[in-house]
Amino acid sequence: MIPTLPAGLTCLPSFSSLSRTWEGAGLRHLKNFWLSSMELFRCASTQVTSLRTCCWTSRQLFCDFGEDFTVQDPTEAEPLMAAIQHISQGSPGILTLREEADAHRFNSGDLVTFSGIEGMVELNGCAPRPLHVQRDGTLEIGDTTTFSRYLRGGAVTEVKRPKTVSHEPLDTALLQPRVVAQSPQEVHRAHCLHQAFHALHKFQQLHGRPPKPWDPVDAEMVVDLAQALESLKGTEGEPLEEQLDKALVRTVALSSAGGLSPMAAVLGAVAAQEVLKAVSKKFMPLDQWLYFDALDCLPEDEEPFPNPEDYAPRDCRYDGQIAVFGAGFQEKLSHQHYLLVGAGAIGCELLKGFALVGLGAGGSGGVTVADMDHVERSNLSRQFLFRPQDFGRPKAEVAAEAAHRLNSDLQVTPLTYQLDLTTEHIYGDNFFSSVDGVAAALDSFQARRYVAARCTHYLKPLLEAGTKGTLGSACVFIPHVTEDYRAPASAAASEDASYPVCTVRHFPSTTEHTLQWARDEFEGLFRLSAETINCHQQAFTSLAHLDESQVLTLQQVVLGVLRERPQTWQDCVLWALGQWQLCFHYGITQLLSRFPPDKVLEDGTLFWSGPKQCPRPLEFDASQDTHLLYVLAAASLYAQMHGLPGSRDQTAFRRLLKLLPLPDPQDLAPIFASDLELASAYAEFGPEQSKKLHEALEIWTVGPPLEPLTFEKDDDFHVDFVAAAASLRAQNYGIPPADRTKTKQIVGRITPAIATTTAAVAGLVGLELYKVVGSPRPRSAFRHSYLNLAENYFSRWVPHAPAIQEFHHWKWTCWDRLEVPAGQPERTLESLLAHVQKLNGLRVRMLLHGKALLYSAGWSPEKQDQHLSRRVTDLVLEVTRQVPEPGQRVLVLELSYEGEKEDVTFPPLHYKL
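None of these values were measured; they are calculated from a predicted model. Just so you know, the residues in each chain are numbered from 1, in the order the chain's sequence is written. Residue-level local features of this predicted model are given only where pLDDT is at least 70; pairs of side-chain atoms are given and counted only at 80 or more, and the full residue set underlies all totals for whole chains, interfaces and linings. For the side-chain quantities, the full set of heavy atoms in the structure was used; hydrogens and water were omitted.

Caption draft 1: Up close: the overall build of the protein. Along the backbone of the protein there are 28 helices and 26 strands. Note that accessible areas follow from Shrake-Rupley with a 1.4 Å probe, and for residues the cover is restricted to the protein chains shown. Carbon together with sulfur atoms contributes 52% to the accessible area of the protein, which is approximately 42,800 Å² in total. A helix here means a DSSP run of H or I that spans at least four residues, while a strand means a run of E at least two residues long, and both kinds are numbered starting from the N terminus.

See below:
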């Protein structure tokens, strides 16, 4: 097998020239990093020489960043930031956070700085100050006695501390290895692998070749060489009294001649991340050896020394893989048919990996790629199967074409329908009957739960991976062997979280509230208003025929949002200025007139207290970038909505703003602060208001339709508007604003993804794929994996067994089901219930199909008799009014039994048609 170079890497310079360059620059860490990684890159190139002594079922990585390397940003976590409620004058000054802030995230000794404070401005941008967390959650921040009195607002932000690392050079580290490991057992295994690699190098030097695949003589020679090596030493130079694991060394030697692309993906990703660390000084480097092995991919029940002929080269691209698993396994791999759900960052890497290993590249095999999305500009930074010319095309189709170019034998079928309840007629019984397994590369827990449920229903193995920045995970779920997929409760809850409308509109207290408000503003101004007018144009109806909500919607859109049809760019700028005044000055003034800053509730507490922060109106200032950005973005979007040309010339735009007057508050839209005021507005909607609205609507009955704008995270004006609107809203309420990058990430629902983590988790999935295809394998062979490339945390563990549930004498797991054939002629409901009772000895209390109740023991005898005599399919059709889909093979029925407990979930009944 001759793997291709990574995308963007066309040639590799000679090590000698790089060595001289790096030594001259004083970058010993990069020289030694390259020296230890050279084999990995050479093995990935076409220049494979007799120097190849690496082992492809185990890999090593060594890093030397020098004796005094400073890491400016040790972790990936964003600096902690919290909104300030109050700061006292004193020694020490006591800082109180707002109620929604979590003081426990700060630790005593943390360095912090401050921003956006009004009154005690001496703290803004000050040198980092240490803080002390008190029992009540307040923070001591040092002497503030001489500072001005605190008034309002501001944020406290953690200042990350640099860390210095010291590494040993390679010659020293060979005998005194510092290994990355999470437990003493892992340390011992890493030391044994360290000696195994040393022995493999010695074998290469002695014989001019690596050990032959699965050759027992060569393997024993490597074991002897490892035993003869000098003992390793500890950090203080003391000899390590450790027993060499000869079985481990022997297995490494037997499988060392092969080549596995998933291993290259994992270690190549880690190596690439280390290069980035060296260049950017961001994140902690490896300290100093990393050993990673996939010996668990080898069959446990294999003969000690299999037939060498099955592992001999075939002069094909899979020879490296054949040398590890044999030609028979390669043939089985090529006949697999897999469903890949998602063609994003991870999906592209998985599909590339499938092409390299030959999954579905022969006979009846193949890969079906399902993704409904289209290629966007932002995809190119991490989804390497796409190119600029692919913008707008379906991801599934582009990815399929790219994978076919990587391996012309690979059979790839693209499908542009998402997997959900609405497409079960496409991804139904016939479809899944032809699938051997599923790989999920999805970016939401809701989608993962659905796909996992389908795999459980059809008893298909599921390979699943996810990333977030430098965090990554890869999991495997095997029917009847492992647990089924369960989304993390906290993550799933946060994904589905929403904010109260009233809080977002009038009482925001967090950055997320301001971003949600800005996103809602975009929808209301540039999409919903245009859709409302277009709908009214297409089907003009009298106001008398509209209900209350329709009238209020029209009133708000026509008299409030749009007001009049613009004719020029200047009209659009005037409209945008009016929106600025409405949202950030006049609207806040109106709110304060209803709820003054000193308003007291009946219980004596201030209305503006706790999470409710008293806002203040802003004054428009064209010299402030955020003010200018909001008006420019809003005017540009408004012009686009009306089919008018806009402008990106900020200099000319500033000049235009100076010439335009601020709009009169009387011309701005009404604000309804509550549902009560909405109802009041409708109650006051009399003939005069009706006439005014009717006259305004006549303007919109002529002329072209408006263009509703759908938010696009790759459109600069879209993101600029939301970022500026959220920042101004934050200024109104004294909330720390989000920067543009964070705004785009949150509002665009972008999961941070980087190429290194994506490649690593795809490689980990590839390793589990070997085991799934080589089934049956025991649970002990499979691995869930979790990694953090920023902090060098690598963990792999055996999945849990499926939980066993029990009711009376009956035991089952999530993978079990009752299978009952419909029979010829088809059985009646009475026959079905009797058959179920015969199977498990339990009397059925209720029987359901979805939400439709087919039988209940609580019904009257007459109603029971009516249902019991019916054929099951006829009864389902009568109750649900739904005809089975063509090709549907099973009706899924849910049962409850007499005497059951509330926390018991019984296996479903699969009624086989």
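Caption draft 2: View of a nonpolar patch on the surface. Among the surface-exposed residues, Tyr786, Tyr793 and Trp797 lie close enough to one another that they form a single nonpolar patch of about 280 Å² accessible area. On the secondary structure map, Tyr786 appears in strand β18 (residues 784-788). To count toward a patch, a residue needs a relative accessible area over 30% and no salt bridge; like charges are then connected within 9 Å, while nonpolar side chains (Val, Leu, Ile, Met, Phe, Trp, Tyr) are connected within 5 Å. The term salt bridge refers to a side-chain nitrogen of Lys or Arg lying within 4 Å of a carboxyl oxygen of Asp or Glu.

Caption draft 3: Region of the structure containing the nonpolar core. Residues belong to a common nonpolar core when they are buried Ala, Val, Leu, Ile, Met, Phe, Trp, Tyr or Cys residues joined through side-chain atoms within 4.5 Å. Note on exposure labels: buried denotes an accessible area under 20% of the residue type's maximum, exposed denotes more than 50%, and partly exposed covers the range between, all computed with a 1.4 Å probe on protein chains only. In this structure, Leu350 and Leu351 are the most contacted members of the largest nonpolar core, which totals 98 residues. Looking at this core, the element that brings in the most residues is helix α25 (residues 755-773), giving 11 residues. A domain split of this core shows at least three residues from each of domain 1 (30-71 + 167-289) and domain 3 (326-495 + 763-797). When neighbours within four sequence positions are excluded, Leu350 is seen to be in contact with Leu340, Ala439, Ala441, Ala762 and Val765. If you look at the next biggest cluster of nonpolar residues, it comprises 49 residues, including Leu525, Ala635, Leu657 and Ala726. Here the limits of each domain have been adopted from an automatic or database domain assignment. In this analysis, two residues are considered to be in contact whenever any of their non-hydrogen atoms come within 4.5 Å of each other.

Caption draft 4: Spatial organisation of the confidence of the model for the protein. Counting all residues, the mean pLDDT for the protein is 84, and 84% of those residues have values of 70 or more. Confidence scores labelled pLDDT are given residue by residue by the predictor and lie between 0 and 100. This stretch, residues 1-53, has a pLDDT under 50; its non-local contacts, to residues over four places away or in other chains, come to 85 contacts. Scored below 50 in pLDDT, residues 671-679 makes 16 contacts in the model with residues more than four places away or belonging to other chains.

Caption draft 5: A look at unusual backbone geometry. For the peptide bond that leads from Ser91 to Pro92, omega is 5 degrees, which places it in the cis range. Along the chain, Pro92 falls in the loop between β3 (81-87) and β4 (94-97). With an omega of -5 degrees, the peptide bond running from Gln824 to Pro825 counts as cis. Residue placement: Pro825 occurs in the loop between β22 (818-821) and α26 (829-840). Of note, the phi angle at Phe283 is positive, near 85 degrees, even though the residue is not glycine. Here Phe283 shows up in the loop between α7 (261-280) and β11 (289-293). On the basis of relative accessible area, Phe283 is assigned to the buried category, the value being 7%. Unlike most non-glycine residues, Leu459 shows phi in positive territory, near 55 degrees. Inspection of the secondary structure puts Leu459 in the loop between α13 (445-458) and β16 (462-468).

Caption draft 6: Layout of the packing of helix α4 (residues 184-207) against helix α6 (residues 246-254). The N-to-C vectors of α4 and α6 enclose an angle of 45 degrees; their axes lie 9 Å apart at closest approach. In this view, α4 runs oblique relative to α6, as classed from their interaxial angle. In the packing of α4 onto α6, the handedness of the crossing is right-handed. Together, Arg189, Cys192, Leu193, Ala196 and Leu200 of α4 and Leu248, Val249, Val252 and Ala253 of α6 make up the contact between the two elements. Each residue gets one of three labels, nonpolar for Ala, Val, Leu, Ile, Met, Phe, Trp, Tyr, Cys and Pro, charged for Asp, Glu, Lys and Arg, and polar for the others, Gly among them. Broken down by class, the residue content of the contact of α4 with α6 amounts to 8 nonpolar, no polar and 1 charged. To get an axis, a line is fitted to the C-alpha atoms, and for a helix only the part in contact is used. The angle between two axes follows their N-to-C directions and goes from 0 to 180 degrees. Throughout this description, any angle smaller than 35 degrees is read as roughly parallel, any larger than 145 degrees as roughly antiparallel, any in the 65 to 115 degree range as roughly perpendicular, and the remainder as oblique. Take the far helix as your reference; a near helix turned counterclockwise from it by less than a right angle gives a left-handed crossing, and one turned clockwise gives a right-handed crossing.

Caption draft 7: Molecular detail of the side chain of Asn732. Looking at the element boundaries, Asn732 is found in helix α23 (residues 716-733). With near-sequence residues (within four places) excluded, Asn732 lies in contact with Arg152, Cys583, Phe584, Ile588, Cys614, Pro615, Arg616, Pro617 and Leu618.

Caption draft 8: Main features of the packing of helix α18 (residues 569-594) against helix α20 (residues 650-659). In the contact formed by α18 and α20, the axes pass within 11 Å of each other and the chain directions differ by 70 degrees. Comparing their axes, α20 and α18 come out roughly perpendicular. In the crossing of α18 with α20, the sense of the turn from one axis to the other is right-handed. Listed contacts from α20 to Trp569, Gln570, Val573 and Leu577 of α18 are Phe653, Leu656 and Leu657. Partitioning the contact of α18 with α20 into residue classes produces 6 nonpolar, 1 polar and no charged.

Caption draft 9: Structural detail: the UniProt feature "active site" (unreviewed entry) in the protein. UniProt positions are given in the numbering used here, feature names are shortened, and annotations may be inferred rather than shown by experiment. The UniProt record marks Cys502 with the feature "active site" (unreviewed entry), using the residue numbering of this structure. Along the chain, the position of Cys502 falls in helix α15 (residues 501-506). The class of Cys502 is partly exposed, set by a relative accessible area of 40%.

Caption draft 10: Seen up close, α18. One less than the residue count of a helix, multiplied by 1.5 Å, gives the span that helix is expected to have. If you check α18, its first and last C-alpha atoms are 36 Å apart, about what 26 residues at 1.5 Å a residue would give, namely 38 Å. Of all bends in α18, the biggest is about 45 degrees, found at Leu582. Of all the 26 residues making up α18, 19 are buried; the element is thus mostly covered by neighbouring parts of the structure. Values of bend correspond, residue by residue, to the angle between axes fitted over the seven residues ending at that residue and the seven starting there.

Caption draft 11: View of the pattern of salt bridges. The final tally for this structure, using the stated rule, is 30 salt bridges. Across the salt bridge formed by Glu878 and Arg870, the nearest N and O atoms sit 2.2 Å from each other. We classify Arg870 as partly exposed; its relative accessible area is 28%. Residues joined by salt bridges that share partners form a network here, namely Asp296, Glu768, Lys771 and Arg796.

Caption draft 12: Spatial organisation of the sheet that holds strand β25 (residues 890-897). One open sheet holds the 5 strands; their spatial order is β22-β26-β25-β23-β24, and the pairing between them is mixed. Of all the strands in the sheet, just β22 and β24 (852-856) have a single pairing partner and so form its edges. Direction aside, the axes of adjacent strands within the sheet are offset by 30 degrees on average. In this structure, strand β23 (residues 844-849) lies alongside β24, joined through 4 bridges in antiparallel fashion. Within β24, the position partnered with Leu847 by the bridge is Tyr855. Running over the sheet, α26 touches β22, β23, β24, β25 and β26 (909-912) and is turned about 140 degrees from β22. Strand pairing requires that DSSP identify at least two bridges connecting the strands.

Caption draft 13: Focus on the packing of aromatic side chains. Side-chain rings of Phe, Tyr and Trp (the six-membered ring for Trp) are treated as a pair once their centres are within 6.5 Å; stacked means planes under 30 degrees apart, edge-to-face means over 60, and tilted covers the remaining angles. Under the definition given, this model contains 37 aromatic pairs. Clustering of aromatic rings is evident, with ring pairs tying together Trp517, Phe522, Phe526, Trp575, Trp580, Phe584, Phe620, Tyr630, Tyr638, Phe711 and Phe721. Lying over the aromatic face of Phe507, Lys612 brings its terminal NZ or CZ to 5.3 Å of the ring centre. The rule is short: NZ of Lys or CZ of Arg within 6 Å of the ring centre and within 35 degrees of the ring normal puts a charge over the ring. The lysine or arginine in question, Lys863, covers the ring of Trp859, its NZ or CZ lying 4.4 Å from the ring centre.

Caption draft 14: Local environment of the environment of Leu410. Take Leu410: it is sitting in the loop between α11 (395-406) and β14 (412-415). For Leu410, a relative accessible area of 1% translates into the label buried. It is 7.1 Å that separates the C-alpha atoms of Leu410 and Gly362, two residues lying 48 residues apart in sequence. Excluding residues that lie within four positions of it along the chain, Leu410 makes contacts with Ala355, Leu359, Gly360, Ala361, Val367, Ala403 and His404.

Caption draft 15: Spatial organisation of the sheet that holds strand β9 (residues 155-158). Reading across from one edge, β6-β5-β9-β3-β4-β8-β7 is the order of the 7 strands in this open sheet, with antiparallel pairing throughout. Either end of the sheet is taken by a strand with one partner, and the two such strands are β6 (129-130) and β7 (132-133). Of the strand pairs in this sheet, strand β5 (residues 111-115) and β9 are connected by 4 bridges, and their pairing is antiparallel. Across the sheet, Phe114 pairs through a bridge with Val156, a residue of β9.

Caption draft 16: Structural detail: helix α19 (residues 625-641). Between its first and last C-alpha, α19 extends 24 Å over 17 residues, near the 24 Å set by a 1.5 Å rise per residue. Taken across its 17 residues, α19 has 13 buried, putting it largely inside the fold. Two residues or fewer after α19 comes Gly643, characterised by a positive phi angle close to 70 degrees.

Caption draft 17: Representation of the pairing of β4 in the model. Because side chains alternate across β4, one face comprises the buried residues Leu95 and Leu97, and the other comprises Ile94 and Thr96, none of which is buried. Direction of pairing for β3 relative to β4: antiparallel, over a ladder of 3 bridges. Paired with Ile84 across the two strands is Leu97, which belongs to β4. Two elements, β4 and strand β8 (residues 139-140), share 2 bridges in a ladder whose sense is antiparallel. In the strand pairing of β8, Leu95 is matched with Leu139.

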